[in-house]
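Residue strings, one per chain:
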There are 2 protein chains.
Amino acid sequence: MSAAEFHLSKAEIVELLRRHRISPTQQRVEIAQIVLSKPQHLSADEVLALAHERGSRVSKATVYNTMGLFARVGLVREVIVDPTKVFYDSNVSEHHHFYNVDTGELMDIPAGAVELGTLPDLPKGTQAAGVDVIIRVRSQ
Amino acid sequence: MSAAEFHLSKAEIVELLRRHRISPTQQRVEIAQIVLSKPQHLSADEVLALAHERGSRVSKATVYNTMGLFARVGLVREVIVDPTKVFYDSNVSEHHHFYNVDTGELMDIPAGAVELGTLPDLPKGTQAAGVDVIIRVRSQ
DNA sequence: CTGCTTGCAAAGGCTTTGCAGAACA
DNA sequence: TGTTCTGCAAAGCCTTTGCAAGCAG
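Residues numbered from 1 in each chain as written. Chains lettered and ligands numbered in written order. Predicted model: local features only at pLDDT ≥ 70, side-chain atom pairs only at ≥ 80, totals over all residues. Heavy atoms only, no water.

Caption draft 1: Region of interest: the environment of Leu-75 of chain A. Residue and element names in this part refer to chain A. Structurally, the position occupied by Leu-75 is in the loop between helix 4 (60–73) and strand 2 (77–82). With relative accessibility at 0%, the residue Leu-75 sits in the buried group. Between the C-alpha atom of Leu-75 and that of Val-35, which follows or precedes it by 40 residues, the distance is 9.6 Å. In contact with Leu-75, other than residues within four places in its own chain, are Leu-16, Leu-17, His-20, Ile-22, Leu-36, Phe-70, Ser-90 and Val-92. (Helix = DSSP H or I, 4+ residues; strand = E, 2+ residues; numbered from the N terminus. Buried < 20%, exposed > 50% of the residue type's maximum accessible area, 1.4 Å probe, protein only. Contact = heavy atoms within 4.5 Å.)

Structure (C-alpha cells):
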C-alpha cells in the first residue's frame, strides 16, 4: 500500500473498507480513521484511548475485533516484539523495526537499511507468510 | 556459547551456574539440566512439565524466576514470536528462526542461511541489544 | 426482516507478586 | 545465622468469549 492511504476522508475510508470486503460500520470507520491517519504503531489500548479522546463510543471488545479483522485483510500489520502486548502498524509496506526494550518504543527502520539476501529454504510443507526483522536496542 | 555446553553432568551444571554468578540451588540445577541438555525451544509450561516428568518438585513460580534469570545472564535466549507465550532457546549462538503460525512450531534457521548486511544506524542514544529475524511460515 | 456487529462483563491464559517457610553459604 | 530462594495462592494484564440488544443491507 502506498502513502496515499493516509489522510483519508470518511468516504474514502468507507470505500477502502468495502474494497477489503469489510462492512463499514460506524465503529470500524472511526477506528480506521484513527489508525490509518498516518504511519504509526499502536497497541489495542492506545487505539481505544484515541477513540475515546475523539468522542467515539467504542468498546474494548470492538477494538480487538476490529484490529484483528484489519490485520487479517492486510490493512494493518501485527508486530510482535513485546510479550505483554501486540502492536498494530499502519504501515503495511515492507519494512523492519527497532524496538527499545527500555522504553517500549517501536520505530521503523528506514526502508532499504536492512538487506536480507535470498530467503533460506523453508521447512518442508510450508510457505512464507512474512519476514520480521527486529533490532532490539537499549537506551544508553 | 558452543555446543560443548550440551550434555552436561550435574557437576558441570553447578560450575556453569557459578560462572554466571548464579547460586546453584537444587531447582536451578534441575531446570538447567532439562533446558540445556540440547538445543531446543521450550515455553515455561513445557519446562515445568519436563521437570515434573523427571520427578522434580519445582513450582511454576520458580520456573518463571529461573528462566528469567537464565535469560538475563545469557544462558538462554527469549524468543518472542507468539503473543501468547515466550519461548526460551537453549541455543544462544547467533541464529534466527522459522515460526509456523499454524502449528506454533519454532525452528532454527541454519546458521549463515540469512545474510544481514551491516546494521543500520541505531536511533540516537541507543545501543544494540540483539537482532531477531523471524520468518513466519504457514503449513500448505 | 435476518444476519452481522456491538458492548458489557465474565472468563481465560500466561506471567508476576506477596509472603511464610526452607535452603544456601 | 543472615540472606537468598522456593512454593503456594492470589493478583495482574492483555485478550477472547458469551450473549442480549442494536445496526446494516
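Caption draft 2: Region of interest: the protein's contact with DNA strand D. Looking at DNA strand D, there are 17 residues lining it, with Tyr-64 and Thr-84 of chain A together with Thr-25, Arg-57 and Thr-62 of chain B nearest. Taking the atoms of DNA strand D that fall within 4 Å of the protein, sugar and phosphate contribute 86% of them. Contact distances for DNA strand D include 2.5 Å between a phosphate oxygen and a side-chain N or O atom of Tyr-64 of chain A. In the environment of DNA strand D, a sugar or linking oxygen lies 3.3 Å from a nitrogen or oxygen atom belonging to the backbone of Thr-84 of chain A. It is helix 4 of chain A that provides the largest number of residues to the surface near DNA strand D, a total of three residues. The class makeup of the residues in the surface near DNA strand D is six nonpolar, six polar and five charged. (Near = heavy atom within 4 Å. Polar contact = N/O pair within 3.5 Å; in protein donor to acceptor, adjacent residues only side chain to side chain. Nonpolar A, V, L, I, M, F, W, Y, C, P; charged D, E, K, R; others polar.)

Caption draft 3: The protein's contact with DNA strand C, seen in detail. Close to DNA strand C lie 18 residues; Thr-25, Arg-57 and Thr-62 of chain A together with Tyr-64 and Thr-84 of chain B are nearest. Within 4 Å of the protein, the contacting atoms of DNA strand C are 85% sugar and phosphate, with bases supplying the remainder. In this structure, a sugar or linking oxygen belonging to DNA strand C sits 2.8 Å away from a side-chain N or O atom of Gln-27 of chain A. Mapped by element, the contributors of at least two residues to the surface near DNA strand C are helix 2 (26–35) and helix 4 of chain A together with helix 4 (60–73) and strand 3 (85–89) of chain B. It is helix 4 of chain B that provides the largest number of residues to the surface near DNA strand C, a total of three residues. Here the residues of the surface near DNA strand C are counted per class, giving seven nonpolar, six polar and five charged.

Caption draft 4: Spotlight on the packing of helix 2 of chain A against helix 3 (residues 44–53) of chain A. Residue and element names in this part refer to chain A. The interhelical angle for the contact between helix 2 and helix 3, taken along N-to-C directions, is 105°, at an axis separation of 10 Å. With respect to helix 3, the axis of helix 2 lies roughly perpendicular. Between helix 2 and helix 3, the contacting residues are Ile-31, Ile-34 and Val-35 on the first element and Val-47, Leu-50 and Ala-51 on the second. (Axes fitted to C-alpha atoms, helices over the stretch in contact; angles between N-to-C directions. Parallel < 35°, antiparallel > 145°, perpendicular 65-115°, else oblique.)

Caption draft 5: Fine view of the environment of Leu-16 of chain B. Residues and elements named next belong to chain B. Secondary-structure assignment places Leu-16 in helix 1 (residues 10–19). Exposure remark for Leu-16: the relative accessible area of 3% places this residue in the buried category. Placed 114 residues apart in sequence, Leu-16 and Gly-130 show a C-alpha to C-alpha distance of 23 Å.

Caption draft 6: Molecular detail of helix 4 of chain A. All names here are of chain A. Helix length check: helix 4 (14 residues) gives 20 Å between terminal C-alpha atoms against 20 Å at 1.5 Å per residue, within 8%. Close packing links the buried residues of helix 4 with helix 1 (10–19), helix 2, helix 3 and strand 3 (85–89). Where helix 4 terminates, the next one or two residues include Gly-74, which has phi positive at roughly 90°. (Expected span 1.5 Å × (residues − 1).)

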